[in-house]
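Close look at the chain arrangement
Residue-level listing of the chains:
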Amino acid sequence: GGGRVKISPPPPPPPRRPPPPLEELTSHPIGVRGGRTLYLCRACDALRFSTVERSADFSDFYGESVYVCSGLVTKAQEA
């Protein structure tokens, strides 16, 4: 008998959810890279993260600078 392994097709990609409104971009999780959660933030909220990259695509979408951030810096150590 030829025990052929049946390869199932990949699942369809999830539907693209529209990005949240600008008011909700305090720290909106958009995915994970290298085990760290990535957040979409406005400039005023990006200060809380250790890694910040400006996203040209999201900045164009929102009409103001929007950043992809990771490494949330908690203030617990200062207490």
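Cut-offs applied
Residues numbered from 1 in each chain as written. Predicted model: local features only at pLDDT ≥ 70, side-chain atom pairs only at ≥ 80, totals over all residues. Heavy atoms only, no water. Helix = DSSP H or I, 4+ residues; strand = E, 2+ residues; numbered from the N terminus. Buried < 20%, exposed > 50% of the residue type's maximum accessible area, 1.4 Å probe, protein only. Areas by Shrake-Rupley, 256 points an atom, 1.4 Å probe, with all protein chains shown as cover. Lys, Arg positive; Asp, Glu negative; His and termini not counted. Salt bridge = Lys/Arg side-chain N within 4 Å of Asp/Glu carboxyl O. Contact = heavy atoms within 4.5 Å. Core = buried A, V, L, I, M, F, W, Y, C linked by side-chain atoms within 4.5 Å.

**Considering the overall build of the protein**
Helices and strands together make up the secondary structure of the protein, namely two helices and four strands. When the helices and strands of the protein are listed from N to C terminus, the series reads β-β-α-β-α-β. Counting the 79 residues in the protein, one finds 24% classified as buried. When the accessible surface of the protein is totalled, it reaches about 6,300 Å², and 56% of it is carbon and sulfur.

**Remarks on the side chain of D45**
Mapped onto the fold, D45 is located in helix 1 (residues 43–46). Although D45 is buried, it makes no salt bridge; R48 carries the closest opposite charge, 4.3 Å away. If we ignore the near neighbours within four places in the chain, the residues touching D45 are L25 and T26.

**Notes on the environment of C41**
Within the secondary structure layout, C41 lies in strand 2 (residues 36–42). We classify C41 as buried; its relative accessible area is 0%. With residues near it in sequence (within four places) discarded, C41 still touches L25, T26, S27, A46, F49, V66, Y67 and C69.

**Some remarks on the nonpolar core**
Core analysis: the biggest nonpolar cluster contains seven residues, these being L22, L25, L38, L40, Y62, V66 and V68. Contributions of two or more residues to this core are made by strand 2 and strand 4 (66–72). In this structure Y62 touches P19, P20, P21, L22, L25 and L40, once residues within four positions along its chain are discounted. Membership of the second largest hydrophobic core comes to six residues, among which are C41, A46, Y67 and C69.

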